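# Architecture at a glance
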Amino acid sequence: MRFFAFNKLLIRYMITWLTLIIKRLGNVLTTVLTSQEKARIDAQIQAHQHMPGALLPVLHAIQNDLGYVPEEAYPQIAHALALSVAEVHGVVTFYHHFRRHPVGKHVLQICRAESCQAMGAEQLESHIKSTLGIDYHQTTADGAITLEPVYCLGNCACSPAVLMDEELYGRVDSQKIAEIIHEARAAS
């Protein structure tokens, strides 16, 4: 009898938890996707949904296409993959690689690993933040650059390191980062 009472309590707890997640997602889902964005998301889902473990490939494809995974797309992804919206949300929020909001034309990532920290990344980080006038996970007012932390770029021998879009830079100082930022803004 205790076993059934425990299971009943556990089920109630799970239902309450899922209800809270769905309510939270309902509050977050306020932005409306354009028909073009919906079509692009649908195309990525169609291209990847039959792969084993399709959720990660679908999420990566959407982010590669749009620059982020819109929370508004969670129900569409969940339906196509026979998952719950909570499962999609859980995967997107678990992996730091996935962005849930649009980013600037360029993404600047600063390595926060121990080697880079030991070689002056904290001072570089402060300099970059003051130069751009933004903090992590923010985009400059002109929409040119989004700043993100990253935990190891694998360039430890050339610390401190940054990644601008897909280009890795090592031994970065205030002069080198000024050049990198200038080039990115000129290309925008």
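Here, the structure is the one placed above.
This report concerns the structure included in the present document. Quantities reported herein were computed from a predicted structural model and do not represent experimental measurements.

## Considering unusual backbone geometry
Cis geometry is adopted by the peptide bond preceding Pro 160, which originates at Ser 159 and carries an omega value of -10°. Relative to the helices and strands, Pro 160 is located in the loop between strand 3 (145–150) and strand 4 (162–164). With a phi angle near 95°, Cys 152 is a residue other than glycine that sits in the positive phi range. Checked against the element boundaries, Cys 152 lands in the loop between strand 3 and strand 4.

## Comments concerning the sheet that holds strand 2 (residues 138–139)
Taken together, five strands build an open sheet; the order of strands is 2-3-1-4-5 and the sheet is mixed. Strand pairing shows two members of the sheet lacking a second neighbour, strand 2 and strand 5 (167–169), which therefore form its edges. Where strand 1 (residues 106–111) and strand 4 come together, three bridges link them in antiparallel fashion. Bridging from a neighbouring strand, Leu 108 pairs with Met 164 of strand 4.

## A word on the pattern of salt bridges
Side chains that carry opposite charge are capable of pairing whenever their charged atoms lie near each other. Enumeration over the complete set of coordinates arrives at seven salt bridges. Glu 125 serves as the salt-bridge partner of Arg 112, at 2.5 Å between the closest nitrogen and oxygen. Taken as a pair, Arg 112 in the loop between strand 1 and helix 6 (114–118) and Glu 125 in helix 7 (residues 121–132) lie far apart in primary sequence, 13 residues in all. Overall, the relative accessible area of 25% leaves Arg 112 in the partly exposed class. The network of salt bridges with common partners includes Arg 112, Glu 125, Lys 129 and Asp 135.

## Focus: the packing of aromatic side chains
Geometry of an aromatic ring pair is reported as the spacing of the ring centres plus the angle between the planes. Counted according to the given criterion, the structure contains two aromatic pairs. On the basis of an interplanar angle of 90° and a centroid distance of 4.9 Å, the ring pair of Phe 94 and Tyr 95 is categorised as edge-to-face. A residue is classified by how much of its surface remains accessible, and Tyr 95, at 38% relative accessible area, is partly exposed. Seen from their ring centres, Tyr 95 and Phe 98 are 6.3 Å apart, and the 85° between their planes marks the pair as edge-to-face.

## Some details on helix 3 (residues 55–66)
Its twelve residues place the ends of helix 3 16 Å apart at the C-alpha level, agreeing with the 16 Å of an ideal helix rising 1.5 Å per residue. For helix 3, every residue scored as buried is listed here: Leu 55, Val 58, Leu 59, Ala 61, Ile 62, Gln 63 and Leu 66. The secondary structure elements touched by the buried residues of helix 3 are helix 2 (35–48), helix 4 (74–81) and helix 5 (85–94).

## So, a negative patch on the surface
A cluster of acidic side chains, namely Asp 165, Glu 166, Glu 167, Asp 173, Glu 179 and Glu 183, defines a negative patch on the protein surface. Among the secondary structure elements, Glu 179 is positioned in helix 8 (residues 174–187).

## Concerning the layout of surface pockets
Reported here for the largest pocket is a volume of approximately 830 Å³. If you go around the largest pocket, you meet 28 residues; those closest to its centre are His 96, His 97, Phe 98, Arg 99 and Glu 148. If you list the elements that add at least two residues to the lining of the largest pocket, you get helix 3, helix 5, strand 1 and strand 3. With four residues, strand 3 is the largest single contributor of residues to the lining of the largest pocket. Residue classes in the lining of the largest pocket are distributed as ten nonpolar, twelve polar and six charged.

Conventions and cut-offs
Residues numbered from 1 in each chain as written. Predicted model: local features only at pLDDT ≥ 70, side-chain atom pairs only at ≥ 80, totals over all residues. Heavy atoms only, no water. Helix = DSSP H or I, 4+ residues; strand = E, 2+ residues; numbered from the N terminus. Pairing = 2+ DSSP bridges. Salt bridge = Lys/Arg side-chain N within 4 Å of Asp/Glu carboxyl O. Buried < 20%, exposed > 50% of the residue type's maximum accessible area, 1.4 Å probe, protein only. Phe/Tyr/Trp six-rings, centres within 6.5 Å; stacked < 30°, edge-to-face > 60°. Expected span 1.5 Å × (residues − 1). Contact = heavy atoms within 4.5 Å. Patch = residues over 30% accessible without salt bridge, like charges linked within 9 Å, V, L, I, M, F, W, Y side chains within 5 Å. Areas by Shrake-Rupley, 256 points an atom, 1.4 Å probe, with all protein chains shown as cover. Lys, Arg positive; Asp, Glu negative; His and termini not counted. Charge placed at Lys NZ, Arg CZ, Asp CG, Glu CD. 1 Å grid on protein atoms, 1.4 Å probe; cavity = no way out; pocket = protein on both sides within 12 Å on 5 of 7 lines; lining within 4 Å. Points joined across faces, edges and corners; volume = space filled by probe spheres on them. Nonpolar A, V, L, I, M, F, W, Y, C, P; charged D, E, K, R; others polar.

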